[in-house]
Amino acid sequence: MTFQTVTNELLEGFSQNCQLFFMTLLFAIPLGLIITLGSMSKWAPLSFLRRFLPVGEAGSSVGRFFRKTAVCIVNFKPIRCVTRIFVWVIRGTPLLLQLLVVFYVPGLVFNYPMTQRMPAALVAFAINYAAYFSEIYRGGIESIPKGQYEAGQVLGLSKVQIFFKVVLMQVIKRIVPAMGNEIITLVKDTSLARIIAVAEILKAAERFSARGVIWPLFYTGAFFLLFCGVLTILFGYIEKKLDYYKG
Amino acid sequence: MYMLEAKGIKKSFGKLEILKGIDFSIARGESIAIIGPSGSGKSTFLRSLINLEKIDGGDLVIDGQTVVENGVYQKADEAKAAFNKLGMVFQNFNLFPHKSVLENIILAPVTTKKMTREEAVPLARELLSQIGLSDKENAYPYQLSGGQQQRVAIARALALKPDILLFDEPTSALDPELTGEVLAVIRRLSEEHMTLVIVTHEMGFAKEVANRVIFMDEGVVMESGTPEEVFEQTKNERTKAFLSKVL
Ligand SMILES: Nc1ncnc2c1ncn2[C@@H]1O[C@H](COP(=O)(O)OP(=O)(O)OP(=O)(O)O)[C@@H](O)[C@H]1O
Ligand SMILES: [Mg+2]
């Protein structure tokens, strides 16, 4: 078993990791933005009830309790609420478990078995990473001072113009380090896809170790290291590009 | 006819009434200074005039157009056109940090299609030479002193050729030795008969530049008159008490 044949087989496996990596980014980056919009939604369909709220302090503690409850109902934002619960569930459970759910649940519950492993992995990864990205986006958007929006407004810009011309570049600059972190984590997470038998690099290495050849398993580390090294350099370059201003 | 007229402006934050029925009017070419203790509602009032705060009651007429009647706002696009006749300069400048000085100035005129880039750039250069910052057009805000940033913010507001310019404590965030250069720019605007409303703690400046001084306290206009009437001949106890503290 030559070094060359091992390298070739591992490369074949790693191409699966790369495919999953790039496809996940392709879907998760925009999907994350949609989740962000949901988690920042201000839509409160019951706010028209506000004028029925009793004015003034309620005297008794029971009265105060009912007033507080009423205020909660009036301010209820269903889109925000549903999106944040969704993000909590996705971030609060292991990606490994989510892979299993996406792969097996359609067959078990809806009698619609998943036959293709890669698309199933992609669905789980895209949703999982979109949830993480959405929180990074939200943090970035919320970190922009209110004064930037107000300056845009008094200069006659519309909300959309303010977002694209004033806020977006500043948000991008602020989220690049966190996104870099998350994307480097994604490189290594792709090997989790072997739990649903995607033929990724660790799976390929395990075929060797099953035959008693252990070293290819450790050799896989070199592939990840190399890929992450390239990404580190790329993100360093982007950060430097965006360093033309402070703040 | 008045350039801007406000009648009985009311505004509450939650249960707290901040503006308790403010009457205010300004004719074209007038400079009005608003003074008063901290928390009296000066900023809230100024922000209400330019739609950064929604008022709860009263009327607002801009350049003959009724924008708010009895606390009810006119349809969005008509109101927006009226509010766009006003410009505002903030205490902490709110320049766009990712844009150069020149880009800060031309962003709004070009984005709102008020001017082409070819028209906006010479205008921006002209404004920069008026405020003595011609050599800074390619600098970024972080490279400028506070006084320079505030002068750029004034130029940015002027590029839209507003009918009225509102200033909210334009020198309060500056080191004392930098206030002079900003006040000089505002003084010149007043000499050119630009219509100005200036909230300020600089009593000397108010006395010198304003045609009229308004003293606000606890959400009402306590006193209004010429600088002599307010600063030297006032009979109002509250005004006297305030002036004795700040002069
Ligand atoms: N967004 C807000 N929510 C709740 N309360 C607010 C808000 N903005 C202002 N206030 C309150 O309104 C009152 C008046 O504030 P405002 O900023 O208008 O005063 P000011 O006269 O400009 O004071 P200063 O001289 O300190 O700038 C203050 O008590 C302030 O706490
Ligand atoms: Mg203020």
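We now turn to the structure provided with this report. Note that the coordinates shown come from a computational prediction; the quantities given were computed from them, not determined experimentally.

Per the secondary structure count, chain A includes 9 helices and 0 strands. Of the regular secondary structure in chain A, the N- to C-terminal order runs α-α-α-α-α-α-α-α-α. Taking 18 Å as the expected radius of gyration for a compact globule of 247 residues, we find that chain A reaches 24 Å, considerably beyond that expectation. Taking the principal axes of the C-alpha coordinates as reference, chain A spans close to 85 × 55 × 30 Å. For chain A, contacts bridging at least 24 residues in sequence account for 80% of all contacts bridging at least 6. Entry remark: accessible area of chain A is about 14100 Å², with carbon and sulfur atoms responsible for 70%. Taking the average place of the 25 positive charges on the side chains of chain A and the average place of its 12 negative ones, the gap between the two points comes to 11 Å.

Once that is clear, we can look at helix H1 (residues 42-49) of chain B. Counted residue by residue, H1 of chain B has 7 buried out of 8 residues, so it is predominantly covered. Downstream of H1 of chain B by one or two residues, Asn-51 of chain B has phi in the positive range, about 70°.

Turning next to the interface of chain B and chain A. Taken together, the 25 residues of chain B in the interface contact 21 residues of chain A. There are 1 salt bridge connecting chain B and chain A. Taking the shortest distance from any N to any O, the salt bridge between Arg-47 of chain B and Glu-150 of chain A comes out at 2.8 Å. Sorting the residues of the side of chain B that touches chain A by element identifies strand E7 (86-89), helix H3 (101-111) and helix H5 (146-158) of chain B as the ones contributing at least two each. The element best represented in the side of chain B that touches chain A is H3 of chain B, accounting for 3 residues. Looking at the side of chain B that touches chain A residue by residue, the classes come out as 14 nonpolar, 6 polar and 5 charged.

Time to look at the sheet that holds strand E8 (residues 164-168) of chain B. All names here are of chain B. Taken in spatial order, the 6 strands line up as E7-E8-E9-E3-E10-E11 in an open sheet, and their pairing is mixed. Single-partner strands in this sheet number two, and they are E7 and strand E11 (220-225). On average, adjacent strands in this sheet sit at an angle of 20° to one another, irrespective of strand direction. Of the pairings in the sheet, the one linking E8 to strand E9 (residues 195-199) comprises 5 bridges and is parallel in character. From the neighbouring strand, Leu-166 faces E9, where its bridge partner is Val-197. Strand contacts of helix H6 (residues 176-191): strand E3 (31-35), E8 and E9, with the helix running at about 145° to E9, the strand carrying the most contacts.

Before going further, it helps to examine the site of ligand 1. All names here are of chain B. Inspection of the region around ligand 1 gives Phe-13, Ile-18, Pro-37, Ser-38, Gly-39, Ser-40, Gly-41, Lys-42, Ser-43, Thr-44, Glu-169 and His-201 as its neighbouring residues. One of the backbone nitrogen or oxygen atoms of Ser-40 is found 3.2 Å away from an oxygen atom of ligand 1. Contacts to ligand 1 include Thr-44, whose side-chain N or O atom sits 2.5 Å from an oxygen atom. Its free accessible area being 630 Å², ligand 1 has 59% of it covered by the protein chains. Ranked by residue count, the leading element in the shell around ligand 1 is H1, at 3 residues.

Rules of the game
Throughout, a residue's number is its position along its own chain's written sequence, starting from 1. In the order they appear in the text, chains get letters beginning with A and ligands get numbers beginning with 1. Given that this is a predicted model, residues contribute local features only at a pLDDT of at least 70 and side-chain atom pairs are listed and counted only at 80 or more, while totals for whole chains, interfaces and linings are drawn from all residues. Side-chain numbers here rest on the full set of heavy atoms in the structure, without hydrogens or water. Numbering of helices and strands runs from the N terminus, with a helix taken as a DSSP run of H or I at least four residues long and a strand as a DSSP run of E at least two residues long. In this setup the radius of gyration rests on C-alpha atoms only. A globule is expected at 2.2 Å times the number of residues raised to 0.38. Contact between two residues is taken to exist if any of their heavy atoms lie within 4.5 Å; hydrogens are not considered. In this description, accessible areas are obtained by the Shrake-Rupley approach with a 1.4 Å probe, and a residue is regarded as covered only by the protein chains that are shown. Neither His nor the chain ends contribute to the count of charged residues, in which Lys and Arg are positive and Asp and Glu negative. To locate a charge, take atom NZ for lysine, CZ for arginine, CG for aspartate or CD for glutamate. Working definition: with a 1.4 Å probe on protein chains only, accessible area under 20% of the residue-type maximum means buried, over 50% means exposed, and in between means partly exposed. We define a salt bridge as a side-chain nitrogen of Lys or Arg found within 4 Å of a carboxyl oxygen belonging to Asp or Glu. Under the grouping applied here, Gly and all other residues not named as nonpolar or charged are polar, the nonpolar ones being Ala, Val, Leu, Ile, Met, Phe, Trp, Tyr, Cys and Pro and the charged ones Asp, Glu, Lys and Arg. By this definition, two strands are paired if DSSP reports at least two bridges between them. Angular values range over 0 to 180 degrees, each being the angle between N-to-C directions of two axes fitted as lines to C-alpha atoms, with helices fitted over their stretch in contact. Near, as used in this document, describes a residue that has one of its heavy atoms within 4 Å of the molecule or strand being considered. Nitrogen and oxygen atoms within 3.5 Å of one another constitute a polar contact, given that in protein one can donate a hydrogen and the other can accept it, and given that sequence-neighbouring residues count only through two side-chain atoms.

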